[in-house]
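One letter stands for each residue in the lines below.
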Amino acid sequence: MQYEYLFWSMAAMVAVALAGGSLCGRLRSVKHVLMGVVALAAAVFVAVMLLSRHGGFSDLSAMLSIAAFMFSLVIGAAASLLTRRILQRR
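Residues numbered from 1 in each chain as written. Predicted model: local features only at pLDDT ≥ 70, side-chain atom pairs only at ≥ 80, totals over all residues. Heavy atoms only, no water.

Let's talk about helix H2 (residues 30-54)
Between its first and last C-alpha atoms H2 spans 36 Å; for 25 residues at 1.5 Å apiece the expected length is 36 Å, and the two agree. Restricting attention to buried positions, one finds in H2 the residues Val33, Gly36, Val37, Leu40, Ala41, Val44, Val48, Met49 and Ser52. Buried residues belonging to H2 abut helix H1 (2-24) and helix H3 (61-89). Backbone geometry just downstream of H2 places Gly56 in the positive-phi region, at approximately 90°. (Helix = DSSP H or I, 4+ residues; strand = E, 2+ residues; numbered from the N terminus. Expected span 1.5 Å × (residues − 1). Buried < 20%, exposed > 50% of the residue type's maximum accessible area, 1.4 Å probe, protein only. Contact = heavy atoms within 4.5 Å.)

Things to note about the packing of aromatic side chains
Across all of its chains, the model carries two aromatic pairs by this definition. Seen from their ring centres, Phe7 and Trp8 are 5.1 Å apart, and the 75° between their planes marks the pair as edge-to-face. In this pair, the class of Phe7 matches that of Trp8, namely exposed. Consider the rings of Phe45 and Phe69, whose centres lie 6.3 Å apart with planes at 85°: the pair is edge-to-face. Remark: Phe69 occurs in helix H3 and Phe45 occurs in helix H2; sequence separation between them is 24 residues. The class of Phe45 is partly exposed, set by a relative accessible area of 29%. In this structure Phe69 comes out as partly exposed when scored by relative accessible area, which is 26%. (Phe/Tyr/Trp six-rings, centres within 6.5 Å; stacked < 30°, edge-to-face > 60°.)

So, the environment of Arg53
Position of Arg53 among the secondary structure elements: in helix H2. The exposed category is assigned to Arg53, whose relative accessible area is 51%. When neighbours within four sequence positions are excluded, Arg53 is seen to be in contact with Ser58 and Ser61.

Side note on the side chain of Thr83
Mapped onto the secondary structure, Thr83 falls in helix H3. Beyond its immediate stretch of four places on either side in the chain, Thr83 contacts Ser22, Gly25 and Arg26.

Focus on the confidence of the model for the protein chain
Mean pLDDT over the protein chain: 90, with 99% of residues reaching 70 or higher. Averaged pLDDT values for the elements of the protein chain fall to 89 in H1 and rise to 94 in H3. (pLDDT = per-residue confidence, 0-100.)

Printed below as a string of structure tokens:
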């Protein structure tokens, strides 16, 4: 049961990174886009750290939060750059 909770939590984290990255892609400059993606990844880091301690993964909370930070950083950056490219072609 705990691993099903872990699976759905990571799926939700990917969805948040995609949505946040696409919203950050609408910012004016690349510097602001990257700062927004880093802020989003930091918020995901804190959320995963807090929620994993209450979800039965307290021994893995540091590793899970670091992995969630890196995944959301990469996915958010890719989504934001794709959004910028789509908006520039219009």
